[in-house]
Amino acid sequence: DTAVSQTPKYLVTQMGNDKSIKCEQNLGHDTMYWYKQDSKKFLKIMFSYNNKELIINETVPNRFSPKSPDKAHLNLHINSLELGDSAVYFCASSQGTRGYGYTFGSGTRLTVV
Amino acid sequence: GESVGLHLPTLSVQEGDNSIINCAYSNSASDYFIWYKQESGKGPQFIIDIRSNMDKRQGQRVTVLLNKTVKHLSLQIAATQPGDSAVYFCAETPHGGNKLVFGAGTILRVKS
């Protein structure tokens, strides 16, 4: 199946821990993104990578560090997790840098306790 | 369900009726607009898009209208079905950019 796949789907962890979320796309897209959806369903971009190069970094705390080992993968590492980091994190990809043809993954629900 | 406790605008329609979901966007420089549908536990799913040089675009059962004068976007769904129940988001892309700026979302409930 062609898709954007994220793992894990659910992540429950304690405050202060470090965790990673992984994302892979097999659509041949060269741009990948991380979006955060809060408890009010508001979706906001965090990062964007084009061909492994960071092109968008939207005022995200530096506890969040994206890494793109190749253009099909974009991982998100979060250090020193806080209660306010609880949210659903969506990975997405698109072809080119114009934002057309976005495909979203099914999300990772992160709960910090 | 997942919408309990959310304070998003809600549109309730009878199955078979037409639905109209509205959105005000923020940036007059945006030149590409998209409607997404999000079902419970899933990611946003593309429905229809429109570029700023158009004011109307039709798909299967859906129509998007763009009014740049008042920065307004609407999604019309014909013959709404129970499977259309979801949260609907409009999104805009600033000119030359690739990030999506999402609106707040509208819950659509379809009554059988």
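See the structure above.
Attention in this report is confined to the structure presented alongside it. (Residues numbered from 1 in each chain as written. Chains lettered and ligands numbered in written order. Predicted model: local features only at pLDDT ≥ 70, side-chain atom pairs only at ≥ 80, totals over all residues. Heavy atoms only, no water.)

1. Quick look at the overall build of chain A
1) Next: In terms of regular secondary structure, chain A is built from zero helices and eleven strands.
2) Next: In chain A, the proportion of contacts linking residues at least 24 apart, taken out of those at least 6 apart, comes to 55%.
3) Next: On chain A, roughly 5400 Å² of surface is accessible, and the fraction owed to carbon and sulfur atoms is 50%.
4) Next: Positive and negative side-chain charges in chain A, numbering 13 and 10 respectively, have mean positions lying 4 Å apart. (Helix = DSSP H or I, 4+ residues; strand = E, 2+ residues; numbered from the N terminus. Contact = heavy atoms within 4.5 Å. Areas by Shrake-Rupley, 256 points an atom, 1.4 Å probe, with all protein chains shown as cover. Lys, Arg positive; Asp, Glu negative; His and termini not counted. Charge placed at Lys NZ, Arg CZ, Asp CG, Glu CD.)

2. Section: the sheet that holds strand S6 (residues 62–67) of chain B
Residue and element names in this part refer to chain B.
1) Next: The strand order across the open sheet formed by four strands is S2-S7-S6-S5, and the pairing between neighbours is antiparallel. The open sheet terminates on both sides in strands that have one partner only, identified here as strand S2 (19–24) and strand S5 (56–58). Geometrically, the sheet is characterised by an average inter-axis angle of 15° between neighbouring strands, direction not taken into account. (Pairing = 2+ DSSP bridges. Axes fitted to C-alpha atoms, helices over the stretch in contact; angles between N-to-C directions.)

3. Details of the interface of chain B and chain A
Accessible area lost when the parts come together is the quantity often used to give the size of an interface.
1) Next: Taken together, the contacts link 23 residues of chain B with 26 residues of chain A.
2) Next: In total, chain B and chain A occlude about 1900 Å² of area from one another, counting both sides; carbon and sulfur atoms represent 53% of this.
3) Next: Its largest share of buried area at the contact with chain A, chain B owes to Asn98, Lys99 and Phe102 of chain B, together 30% of the area lost on that side.
4) Next: Of the charged contacts in the structure, one is a salt bridge between lysine 99 of chain B and glutamate 58 of chain A, with a shortest N-O distance of 3.0 Å. (Buried area = accessible area lost by both parts, 1.4 Å probe. Salt bridge = Lys/Arg side-chain N within 4 Å of Asp/Glu carboxyl O.)

4. Description of unusual backbone geometry
All names here are of chain A.
1) Next: The omega torsion of the bond from threonine 7 to proline 8 falls at -5°, within 30 degrees of zero and hence cis.
2) Next: Tracing the backbone through its elements, the reader meets proline 8 in the loop between strand S1 (4–7) and strand S2 (10–13).
3) Next: A positive phi angle, close to 50°, is found at asparagine 51, a residue other than glycine.
4) Next: Structurally, asparagine 51 is set in the loop between strand S5 (43–50) and strand S6 (53–57).
5) Next: The exposure class assigned to asparagine 51 is partly exposed, which follows from its relative accessible area of 41%. (Buried < 20%, exposed > 50% of the residue type's maximum accessible area, 1.4 Å probe, protein only.)

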